[in-house]
Amino acid sequence: MKTRKHSEKGGKTWLSWQNAITAGLIRMAKNKKKGLSRRAFLLASGAAVTAGAASNFLLTGCQPKDVKVEGPAEEEAAPVRKLISVDPEVTATKFNVCGVCGAACAMIADMVDGRVWRLRGNPDDQVALGHLCVKGYTAHKDLYCPDRLKYPLKRTNPQKGPGVDPGWVKIEWDEAFKLTADAFNKAIQENGPQSVAFFSRNHDWMDRLRHAIGTPNQIIHDNTCFTTYTATWRGSLGIGMRSYMMDIQNAKYILSFGWDIPSKAKNNQARDYIKALENGAKCVCLNPHLTITASLADEWIPIKPGTDLAFMLAMIRIIINEELYDKDYVASYTTGLDELKAAVQDYTPQWAAEITEVPAATIERIAREFGTTRPAFVPTHKRDAGGPNYANSWRTAFCSIILNALVGAWDREGGQIIPRTPRMPSFNDIFPPPAFPPMPKERIDGFEKHSVIADMRGGDFSTITEAILSEKPYPLKAALMNKYNLLSFPNPARFAEALAKLDFVAVVEYWPSELAQMADVVFPEFHFLEGSGMTPRAFTAYYPQIALREPVHDPLYDAKGFGSIITGIAKAMGLGEYFEGLSSGEFNNKRLEALETSWDELKASPNGLWSKEQPFKGREEWGTPSKKIELYSSLFKEKGFDPLPYWQPKKEMPSPAYPLYMLISRPPMHKMTATQNNELRIQVYPENSAILHKDTAKQLGIKDGDEVTVESRVGKIKLKAQLTEGIRPDCVCVEHGFGHWSKELTIANNRGANEGELIPNYSIEESLALKCPGANVLMTDFCVKVARA
């Protein structure tokens, strides 16, 4: 990677650390000349990405008897040695689908004497292809963890807050249903149906109860995750929800703007990224932090945080002006090229270089490489440069759509694919509901004011806090929360104040999480391995396919599924008529009948799958008014947003008080805040740290392993420092998922820190003032300071 003489603003520090990186790349090249082949390098480096596959042997009994178990103390290692000493005889196998993340890899559970001995990927599943990630391989440890919730609980201590003992007492299910129903009915009678909210991902049974009550308030985490992409996909492609499927294994040029899914061990994308590199693809990663994805790439460019948009705009200008784009694809499937060309003429490589701190020559070279290599592709997922991180992220997401359109990567080999999911009737088609009461349009979080995405079942994790505390637009009195945690909200200490203000909180959970500690009633939900159902393939679906979920055994404790819990609450509220005749088995069967199969046939399938293989044919039309990919968005124009992705800077810049950019990442063996209470995962990654450049740490008097504080304008955390040369000197990175304070999480408690304490939350008015069609929450658009603790 070339360096350049930098402006005085950047100083000599930037140049010196760039030289150090260059030296490292040269050493790598010398090693390659000494005999380290590309394949050997990939296999060696890829071990970090696919740690789950390797760890499966250690964790489940396939390790040779004489292998020494490293890490735990002698007495702690003894039961592990006992576990791996013999390969037991598998007495049964069960098909299921991993419930840890949205990829939903189909898995096979090998059973020994009625218990799960090993989990492995289903080889015929398009997503798993016979493999799981480390989170999937170790999921059975969650199933058998003694910390899991075992029966309904009632709070006896009226005081609420972090670290406050709830004074739990065990109650029966009927009492839990009645307490919740009474609280909901009281809130509705005194303050209207809108005073009740559901904090939950989409769920048919839950949505039926929400409509039966007549509340518009379903609060989902989406705007901390991907709504900037949802908005731009709607605006440019006419697709309601974005796809996470990509044919990256067949790409020849991969250009990543913060896309880092291989580092997070997302099974299918990590696997396919490695395949692409083994097949000779070139990968260029722009990221302020040298992640695993970047370390495997051909080129790492440590771009200035929040400036990817400038780099992309300059690329678009070069590709259009030099006519490097796919002329046939652009002419046939896009509209708005002339308007786009006129809009980007001021965005020269020299202009972008001053903003991004990437040399103009590098920008020009990459634009030309990307524009002349086929298939080329800009992969995106959620919290990358186009995710809800910066004030300009929606424009960055828009540019990623444009770049992929210019090189013909939409729904084509080596590009972004729209999954071929099976078409089945909806829940309300199968179970038509009685008439619902009228529903107010105004939501507690103001989400309906974001006109481009208002009709999606979404929500705002940032604005909800101040709305509850201020009782504007109206008071919220009761809530039901499912599988969210307090630690996942921006400024969680402030959100805890908001929760304490509510008259009643019910939590449906598997773990005694921090959010559960704030509840009045806790409903225990069973583990996904104890549940049944089916899951259409979506993260990889070249053809329609459905995976079977069959329980590995009956629930170990007095737990129920979310649908059963919702039904119990509804009946106790006097809303049982909306749930008469509802059956998950009938629901599955009716949906499968539309595919000319049945629930019985799926259960009898020898591989736990239903498939309808068919040739892949790229999409010819899109869902926009023009039926084409709109480089100039008519929807954005109609809704009052810029129809083209003009330049906009990020919101907050470094200052003397807060001199460092904040970065957030996620370790490969964990998923959000839900996986840390696992005895195996925690051995691999026991806590997070503040990742700093060595030069920055030296200036601050910080050594590797020192305890430090990281402070923003809303909070402060304390954790250990981890020093590296693989991060910009003006940045600090903290990985998400730690800082648990629930004492009932005996493994995860008191490990690391929660970076969410640093993230500002916003009011509805502040959110609207950002003028983002995707309700951006600005997860990393703030700066911090670091000091020795």
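Below is a summary of the structure that appears in this document. (Residues numbered from 1 in each chain as written. Predicted model: local features only at pLDDT ≥ 70, side-chain atom pairs only at ≥ 80, totals over all residues. Heavy atoms only, no water.)

**Quick word on the overall build of the chain**
Alright, step 1. Each helix and strand in the chain was counted, giving 27 helices and 27 strands.
Alright, step 2. Counting all 789 residues of the chain, 60% fall into the buried class.
Alright, step 3. Across the chain, every contact between residues at least 6 apart in sequence was considered, and the portion connecting residues at least 24 apart equals 74%.
Alright, step 4. Carbon and sulfur atoms make up 50% of the accessible area of the chain, which amounts to about 30,200 Å² in all. (Helix = DSSP H or I, 4+ residues; strand = E, 2+ residues; numbered from the N terminus. Buried < 20%, exposed > 50% of the residue type's maximum accessible area, 1.4 Å probe, protein only. Contact = heavy atoms within 4.5 Å. Areas by Shrake-Rupley, 256 points an atom, 1.4 Å probe, with all protein chains shown as cover.)

**Examining the sheet that holds strand E5 (residues 169-170)**
Alright, step 1. The mixed open sheet is built from seven strands, whose spatial order is E5-E4-E17-E16-E15-E6-E7. Here the strands that pair on one side only, and so sit at the sheet edges, are E5 and strand E7 (218-219).
Alright, step 2. Where strand E6 (residues 196-199) lies against E7, two bridges are found, and the strand directions are parallel. Within E7, the position partnered with phenylalanine 199 by the bridge is isoleucine 219. (Pairing = 2+ DSSP bridges.)

**Some words on helix H15 (residues 349-356)**
Alright, step 1. Buried residues of H15: Pro349, Ala352, Ala353, Ile355 and Thr356, and no others. Angularly, the buried residues of H15 cover 170 degrees about the axis, an arc narrow enough to put them on a single face.
Alright, step 2. The secondary structure elements touched by the buried residues of H15 are helix H12 (308-321) and helix H16 (360-372).
Alright, step 3. Positive backbone phi, at 65 degrees, marks glutamate 357, one or two positions downstream of H15. (Arc of directions from axis to C-beta.)

**Points about the nonpolar core**
Alright, step 1. With 110 residues, the main nonpolar core has Leu255, Phe257, Tyr273, Met315 and Phe370 as its most contacted residues.
Alright, step 2. In contact with phenylalanine 370, other than residues within four places in its own chain, are Tyr253, Leu255, Met315, Ile319, Ala376, Phe377, Val378, Leu403, Asn404 and Val407.
Alright, step 3. Ile171, Ala183, Leu209 and Val508 belong to the second-largest nonpolar core, a separate cluster that totals 36 residues. (Core = buried A, V, L, I, M, F, W, Y, C linked by side-chain atoms within 4.5 Å.)

**Quick look at the pattern of salt bridges**
Alright, step 1. Inspection of the entire model under this criterion finds 39 salt bridges.
Alright, step 2. Between arginine 365 and glutamate 369 there is a salt bridge; the shortest N-O distance is 3.3 Å. Taken together, the residues span about one helical turn, with arginine 365 and glutamate 369 both in helix H16 at a distance of four residues.
Alright, step 3. Judged by its relative accessible area of 29%, arginine 365 is partly exposed.
Alright, step 4. Each of Lys282, Glu299, Arg365 and Glu369 takes part in salt bridges that share partners, so that together they form one network. (Salt bridge = Lys/Arg side-chain N within 4 Å of Asp/Glu carboxyl O.)

**Focus on the sheet that holds strand E18 (residues 533-536)**
Alright, step 1. As summarised here, the arrangement of the three strands in space is E18-E19-E20, forming an open sheet in which the pairing is antiparallel. Unpaired on one side and paired on the other, E18 and strand E20 (609-611) mark the two borders of the sheet. Neighbour-to-neighbour, the strand axes of the sheet open up by a mean angle of 20 degrees, direction not taken into account. (Axes fitted to C-alpha atoms, helices over the stretch in contact; angles between N-to-C directions.)

**Points about the side chain of threonine 380**
Alright, step 1. Considering the arrangement of structural elements, one finds threonine 380 in the loop between strand E13 (376-377) and helix H17 (393-406).
Alright, step 2. A distance of 3.2 Å separates a polar atom in the side chain of threonine 380 from a polar atom in the side chain of arginine 242.
Alright, step 3. With residues near it in sequence (within four places) discarded, threonine 380 still touches Tyr229, Arg242, Met246, Trp259, Ser400 and Gln416. (Polar contact = N/O pair within 3.5 Å; in protein donor to acceptor, adjacent residues only side chain to side chain.)

**What about the packing of aromatic side chains?**
Alright, step 1. All told, the structure shown has 33 aromatic pairs when counted by the stated rule.
Alright, step 2. With 5.4 Å between their ring centres and 90 degrees between their planes, tryptophan 394 and phenylalanine 636 make a pair best called edge-to-face. Residue tryptophan 394 is located in helix H17, and its partner phenylalanine 636 is located in helix H24 (residues 634-639); the two are separated by 242 residues in the primary sequence.
Alright, step 3. The buried category is assigned to tryptophan 394, whose relative accessible area is 1%.
Alright, step 4. For phenylalanine 636, a relative accessible area of 0% corresponds to the buried category.
Alright, step 5. Among the aromatic residues, ring-to-ring pairing joins Phe199, Phe461, Tyr484, Phe489 and Phe495 into one connected group. (Phe/Tyr/Trp six-rings, centres within 6.5 Å; stacked < 30°, edge-to-face > 60°.)

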